Amino acid sequence: MEIGIDQIGFFTPNKFVDMVDLAHARGEDPNKFLIGIGQDRMAVADQTQDAVSMGINATAEYLDQVDLDHLGLLIFATESGIDQSKSASLFVKEALGLPAKIRTFEIKEACFALTASLQVARDYVRAHPHHSAMIIGSDIARYGLSTPGEVTQGAGAISMLIKEDPAIIALEDGHTSYSENINDFWRPNNFQTALVDGHYSRDVYLDFFRHTFAPYLEEKGLEVKDFAGICYHLPYTKMGFKAHSIAIEGQDDAVKQRLSDNFQLSAKYSREVGNIYTASLYMSVLSLLEKGNLQPGDRVGFFSYGSGAMAEFFSGKIVEGYERRLRPAMHKRMLQERIRLGVGQYEETFTEAMQTLPENVEFTSDANRGTWYLAGQKGYVRQYRQK
Ligand code: CAA
């Protein structure tokens, strides 16, 4: 039975900061951000967008095409959780009217958590033929104003439907995993921004790539030339480019060219949105699907990395007619219609969104019609509404 990705929804908030503006404000050479880090713009979540509202929006994109009678599982992966106890997925379930009979929960292992959800969903579908699973990764990456990590922030969500006979990507059997208990990036309960050992995290990411990529090729009897493209977790696009450079080492020019072209296409959304933690890898998969020219049967590699740290490499094959399931025009419009914030406005928006919410509060939203948003809090219960 083939199991894989049947739908992909994508959401990012309606505000961004341009990296050239940010570089000028921080006294940096813009090329450090544009080339050295590899980012053009960074999405900014105001106080009306949190992990839940972004996850609802990404899922709403394809909901009308889901057979709800056969939906059995909903997993929400995030490291921007809004509650220490209750799952974010319950808010999504209520907002979108998903069936009460589904199993639903939230999971965490930094940016690896959406991959963990994907693997759990695949096993679920294998064990429950004709049933599907919905998985959501939704995050706001926050390091703080004027920190080295600031340029690698972002906000957004990816939602996917996993089922048999998928319309977009059929996952191949097997994976290679690698984990170690390390402190490259983490966020203790009393912190609203991440703590990070930036240069160490960069080195560890590459070590973990080496620990999973070559062993995957060996386990599956594959060569680098067998991949049409490889997608990476992109905390910033230069990070993925470093892993990509390891992958293509020693390959002939045609293979290098193909994988490099597809790497650049996979990085397009990330250059515009920034890091969306759990969903970053899948935003790069979506970018390659929508911007590239993949053929049915093409093999795509997935490198997932979550600080702390846990990594996995696996692959999938492009399904005939996949492009009919994609909505590139909708995503293009979402990015084009965003409001450009000056650095001062971004700083105000950032600071406001970090405030702890009082017991009762109401927000209005300037999002587009139809967008779900955080409308406030009543008795410490978050309220979500559709504009
Ligand atoms: N023109 C072109 N390039 C320039 C430049 C210029 N004028 N000035 C500097 N650069 C280049 C540097 O040479 C460097 O390139 P290399 O990495 O190829 O050497 C690059 O710009 C960055 O320069 P620095 O290392 O000096 O930058 P920094 O000290 O300000 O920190 C960072 C960069 C470590 C990525 C920091 O932004 C950070 O801590 N980010 C958050 C952590 C992170 O994203 N880690 C990634 C791995 S962990 C992970 O993947 C999980 C996750 O999602 C968080």
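Residues numbered from 1 in each chain as written. Predicted model: local features only at pLDDT ≥ 70, side-chain atom pairs only at ≥ 80, totals over all residues.

- As recorded in an unreviewed UniProt entry, the chain goes by the name Hydroxymethylglutaryl-CoA synthase, listed as coming from Lactobacillus porci.
- You can read under Sequence similarities (unreviewed entry) in the UniProt record for the chain the words "Belongs to the thiolase-like superfamily. HMG-CoA synthase family." (UniProt positions renumbered as here; feature names shortened; annotations may be inferred.)

1. Let's talk about the site of the ligand
Part 1 of the reasoning: Residues in contact with the ligand amount to 28 residues; listed here are only the nearest, Asn31, Lys32, Gly36, Gly198 and Pro235.
Part 2 of the reasoning: Put simply, the parts of the chain that give the shell around the ligand at least two residues each are α2 (30-37), α6 (198-220) and α7 (237-248).
Part 3 of the reasoning: The residue inventory of the shell around the ligand, partitioned by class, reads 13 nonpolar, 10 polar and five charged.
Part 4 of the reasoning: Mapped onto the domain boundaries, the shell around the ligand takes at least three residues apiece from domain 1 (3-169 + 326-386) and domain 2 (172-318). (Near = placed C-beta within 6 Å. Helix = DSSP H or I, 4+ residues; strand = E, 2+ residues; numbered from the N terminus. Nonpolar A, V, L, I, M, F, W, Y, C, P; charged D, E, K, R; others polar. Domains from an automatic or database assignment.)

2. So, the packing of α6 against α7
Part 1 of the reasoning: Following both chains from N to C, one finds α6 and α7 inclined at 35°, their axes separated by 10 Å at the closest point. Read as a crossing pair, α6 and α7 show a hand that is right-handed. Between α6 and α7, the residues in contact are Arg202, Tyr205, Leu206, Phe209, Arg210 and Phe213 and Met239, Lys242, Ala243, Ile246 and Ala247, respectively.
Part 2 of the reasoning: When grouped by side-chain class, the residues that make up the contact of α6 with α7 number eight nonpolar, no polar and three charged. (Axes fitted to C-alpha atoms, helices over the stretch in contact; angles between N-to-C directions. Left-handed = near helix turned anticlockwise from the far one by under 90°. Contact = placed C-beta atoms within 7 Å.)

3. Brief notes about the UniProt feature "domain: Hydroxymethylglutaryl-coenzyme A synthase N-terminal" (unreviewed entry) in the chain
Part 1 of the reasoning: What UniProt calls "domain: Hydroxymethylglutaryl-coenzyme A synthase N-terminal" (unreviewed entry) maps, in this numbering, to residues 2-164.
Part 2 of the reasoning: Segment residues 2-164 splits into 31% helix and 30% strand. End C-alpha atoms: 6 Å apart.

4. Section: the sheet that holds strand β2 (residues 15-18)
Part 1 of the reasoning: With mixed pairing, three strands are arranged side by side in an open sheet as β3-β2-β15. In this open sheet, the two strands that pair with only one neighbour each are β3 (41-43) and β15 (339-340).
Part 2 of the reasoning: In the sheet, β2 pairs with β15 via two bridges, with the strands oriented parallel. When the sheet's bridge partners are listed, lysine 15 is paired in β15 with isoleucine 339.
Part 3 of the reasoning: Against the sheet, helix α1 (residues 19-26) touches β2 and β3, its axis set at about 55° to β2. (Pairing = 2+ DSSP bridges.)

5. Structural notes on the domain arrangement of the chain
By a widely used convention, the size of an interface equals the accessible area lost when the partners come together.
Part 1 of the reasoning: What the domain assignment reports for the chain is domain 1 (3-169 + 326-386) and domain 2 (172-318).
Part 2 of the reasoning: Placing a centre on the C-alpha atoms of domain 1 and another on those of domain 2 gives a separation of 20 Å.
Part 3 of the reasoning: Between domain 1 and domain 2, the residue contacts involve 46 residues of the former and 40 residues of the latter.
Part 4 of the reasoning: Of all the secondary-structure elements, those providing two or more residues to the side of domain 1 that touches domain 2 are β1 (3-11), α2, β3, α5 (113-127), β6 (132-141), β7 (154-164) and α11 (328-336).

6. A word on the nonpolar core
Part 1 of the reasoning: Core analysis: the biggest nonpolar cluster contains 108 residues, and Val44, Ile135, Ile158 and Ile162 have the highest contact counts within it.
Part 2 of the reasoning: Structurally, this core is a two-domain feature, drawing no fewer than three residues from each of domain 1 (3-169 + 326-386) and domain 2 (172-318). (Core = buried A, V, L, I, M, F, W, Y, C linked by C-beta atoms within 7 Å. Buried ≥ 20, exposed ≤ 12 C-beta atoms within 10 Å, placed from the backbone.)

7. Let's talk about helix α12 (residues 343-353)
Since one α-helical turn is 3.6 residues long, residues separated by three or four positions face the same way.
Part 1 of the reasoning: Of all the residues in α12, the buried ones are Tyr346, Phe350 and Ala353. Axial view of α12: buried residues confined to an arc of 70°, hence all on one face. Facing away from the buried side of α12 by more than 90 degrees, the exposed set consists of Gly344, Thr351 and Glu352.
Part 2 of the reasoning: Buried residues along α12 sit against β2. (Arc of directions from axis to C-beta.)

8. Some details on the UniProt feature "active site" (unreviewed entry) in the chain
Part 1 of the reasoning: As recorded in UniProt, the feature "active site" (unreviewed entry) lies at Glu79, Cys111 and His233.
Part 2 of the reasoning: Its place among the elements puts glutamate 79 in the loop between β4 (71-77) and α4 (88-96).
Part 3 of the reasoning: A count of 25 C-beta atoms within 10 Å places glutamate 79 in the buried class.
Part 4 of the reasoning: Inspection of the secondary structure assignment puts histidine 233 in the loop between β12 (229-232) and α7.

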